[in-house]
Amino acid sequence: MPRLAASSRGILLSVAYDGRPFAGFARQRDQRTVSGELLGALRAIDPAIREIRGASRTDAGVHARDQRVAFDTAAPLPTRGWVLATARHLPDEIVIRRAAVVRVGFSPRFESLRKRYRYLILRDLVRDPFLSRRAWRVEGLTDDAIERARAEAATARGTHDFAAFRTSADERTTTVRTLYGVEVSLDPADPRLVRIDVDGNAFLHNMVRILVGTLMDVARGHLEPGAIARALASRDRRDAGITAPPDGLYLEHIHLRDDGQDAWPTGPSTGLPADDAAPAEPGSDAGADLLPDAGADLLPDAGADLLPETDPEAGADLLPKP
């Protein structure tokens, strides 16, 4: 494998995408994926880019507002150029929201301190075409039902063994995770939308979707209250609820140890939360950056209608000269 040039550096991207057309983030043979589209667009700028390293292995149909992706390059392009020039080669469903400089080999997967997901539920008797595959429509969610879900959510907070909240394909031996918050609320702009925000140090495969499914089963009376506590105690998947569909799941934000230098854009236009600089909670994966990272972007696995439109000609003058 050829050595990187001495002038090489790492670039860290914040990427938003509508997950509906894709078979997930990670590259898969004969499938259209977010990672595949993004790598192709980056290689149109610098053909020497060999790989990209993603922070989260989102499933088919899952969206992201702040997926983190890093790669190494020797191209003399400013961070502004990576945002604007790459937009010419990306489909409408994918947008680079921010670029910053990091060290060569930087892996956001192992720099992650905490992640926040949001799940959107539409409580409506009829479907809304503007929320198709962007929210899970659940009938029968009265105010009392939402209160039951809110009370049930409180039992998931803290450090627990979440073995019951993962798929059988997840073979990780360590299933203890810390959830800093599980909040159920109504969207102030649209009370038909129920928001379930889950903030934690790390997640198992389908953990958020199973957690949301369990909350909805309790809310609708399909499971008795205390289902989450029983599943945590038994570690048995059969004691938890259904797996919610991917439609309403959004990767909202990933808080990293190092958010990079010379970022563009800066300020509110980045779309990043104001608490981005908040310190890590106890129990986070300190030292994870020392773990091996080979093949991170190839692992299988969490873009909305509010994504900004891109100008296909934006940044053309920022491309490196041949």
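Within any chain, residue numbers begin from 1 and follow the written order of that chain's sequence. Where local features are concerned, this predicted model is filtered to residues with pLDDT of at least 70; where side-chain atom pairs are given and counted, the filter is 80 or more; whole-chain, interface and lining totals use all residues. To obtain the side-chain values, all non-hydrogen atoms of the structure were included, while hydrogens and water were left out.

Observations concerning the overall build of the protein
Phase 1 of the analysis: In terms of regular secondary structure, the protein is built from six helices and 11 strands.
Phase 2 of the analysis: Buried positions account for 53% of the 322 residues belonging to the protein. Helix and strand definitions here come from DSSP, where helices need a minimum of 4 consecutive H or I residues and strands a minimum of 2 consecutive E residues; each element is numbered from the N-terminal end. Note on exposure labels: buried denotes an accessible area under 20% of the residue type's maximum, exposed denotes more than 50%, and partly exposed covers the range between, all computed with a 1.4 Å probe on protein chains only.

A word on the packing of aromatic side chains
Phase 1 of the analysis: Paired rings are identified among Phe, Tyr and Trp, the last through its six-membered ring, by centres lying within 6.5 Å, and are further divided according to the angle between planes into stacked (under 30 degrees), edge-to-face (over 60) and tilted (the rest). For the coordinates displayed, the defined rule picks out five aromatic pairs.
Phase 2 of the analysis: Here Tyr117 and Phe203 contribute two aromatic rings whose centre-to-centre distance is 5.1 Å and whose plane-to-plane angle is 85°, an arrangement assigned as edge-to-face. Pair noted here: Tyr117 is in strand β5 (residues 112-122) and Phe203 is in the loop between β9 (190-200) and α5 (207-219), with a separation of 86 residues, a long-range link.
Phase 3 of the analysis: Classification of Tyr117 by relative accessible area gives buried; the value is 5%.

A few points about the confidence of the model for the protein
Phase 1 of the analysis: The pLDDT value expresses, per residue, how confident the predictor is, ranging between 0 and 100. Mean pLDDT over the protein: 85, with 80% of residues reaching 70 or higher.
Phase 2 of the analysis: In the predicted structure, residues 274-317 sits below a pLDDT of 50 and forms 99 contacts with residues beyond four places in sequence or in another chain. Here, residues are in contact when the closest pair of their heavy atoms is within 4.5 Å.

Notes on unusual backbone geometry
Phase 1 of the analysis: That bond from Trp264 to Pro265 is cis: its omega, -10°, falls within 30 degrees of zero.
Phase 2 of the analysis: Of note, Pro265 is situated in the segment after β11 (261-264).
Phase 3 of the analysis: Despite not being glycine, Asp30 has its phi angle at roughly 60°, a positive value.
Phase 4 of the analysis: The topology assignment puts Asp30 in the loop between β1 (9-17) and α1 (34-45).
Phase 5 of the analysis: Exposure remark for Asp30: the relative accessible area of 75% places this residue in the exposed category.
Phase 6 of the analysis: Unlike most non-glycine residues, Arg133 shows phi in positive territory, near 60°.
Phase 7 of the analysis: Structurally, Arg133 is set in the loop between β5 and β6 (136-137).

A short note on the packing of helix α4 (residues 143-153) against α5
Phase 1 of the analysis: To define axes, lines are fitted to C-alpha atoms, for helices over the stretch in contact only, and angles between the resulting N-to-C directions are given on a 0 to 180 degree scale. Where α4 meets α5, the closest approach of the two axes is 8 Å, and the angle between their N-to-C directions is 135°. By the criterion of interaxial angle, the relationship of α4 to α5 is oblique. For the pair α4 and α5, the crossing hand works out as right-handed. Contacts between α4 and α5 involve Ala145, Arg148, Ala149, Glu152 and Ala153 from the former and Leu215, Met216, Val218 and Ala219 from the latter.
Phase 2 of the analysis: Tallied by class, the residues present in the contact of α4 with α5 amount to seven nonpolar, no polar and two charged. Note on terminology: angles under 35 degrees are roughly parallel, angles over 145 are roughly antiparallel, angles of 65 to 115 are roughly perpendicular, and the others are oblique. The handedness criterion is simple: a crossing whose near helix is rotated anticlockwise from the far helix by less than a right angle is left-handed, and one whose near helix is rotated clockwise is right-handed. Think of it as three bins: nonpolar holds Ala, Val, Leu, Ile, Met, Phe, Trp, Tyr, Cys and Pro, charged holds Asp, Glu, Lys and Arg, and polar takes everything else, Gly as well.

Section: the nonpolar core
Phase 1 of the analysis: By convention a nonpolar core is built from buried Ala, Val, Leu, Ile, Met, Phe, Trp, Tyr and Cys residues, the set being connected through side-chain atoms within 4.5 Å. With 73 residues, the main nonpolar core has Trp82, Ile121, Phe165, Leu179, Ile196, Val212 and Met216 as its most contacted residues.
Phase 2 of the analysis: With eight residues, the top contributor of residues to this core is α5.
Phase 3 of the analysis: Contact partners of Met216, with chain neighbours within four places excluded, come to Ile121, Trp136, Leu141, Ala149 and Ile196.
Phase 4 of the analysis: Leu120, Leu122, Leu193 and Tyr250 belong to the second-largest nonpolar core, a separate cluster that totals six residues.

Digging into the pairing of strand β3 (residues 63-73)
Phase 1 of the analysis: Where burial is concerned, most of β3 is hidden: 10 out of the 11 residues are buried.
Phase 2 of the analysis: Each pair of strands is called paired provided DSSP finds at least two bridges between the two strands. With eight bridges connecting them, β1 and β3 associate as antiparallel partners. For Val15, the partnering residue across the bridge sits in β3 and is Gln67.
Phase 3 of the analysis: Bridge count for strand β2 (residues 53-54) against β3 is two bridges, and the pairing is antiparallel. What sits directly across from Gly54, in β3, is Val69.
Phase 4 of the analysis: As paired strands, β3 and strand β10 (residues 249-256) are joined by two bridges and run parallel to one another. For Ala64, the partnering residue across the bridge sits in β10 and is Leu251.

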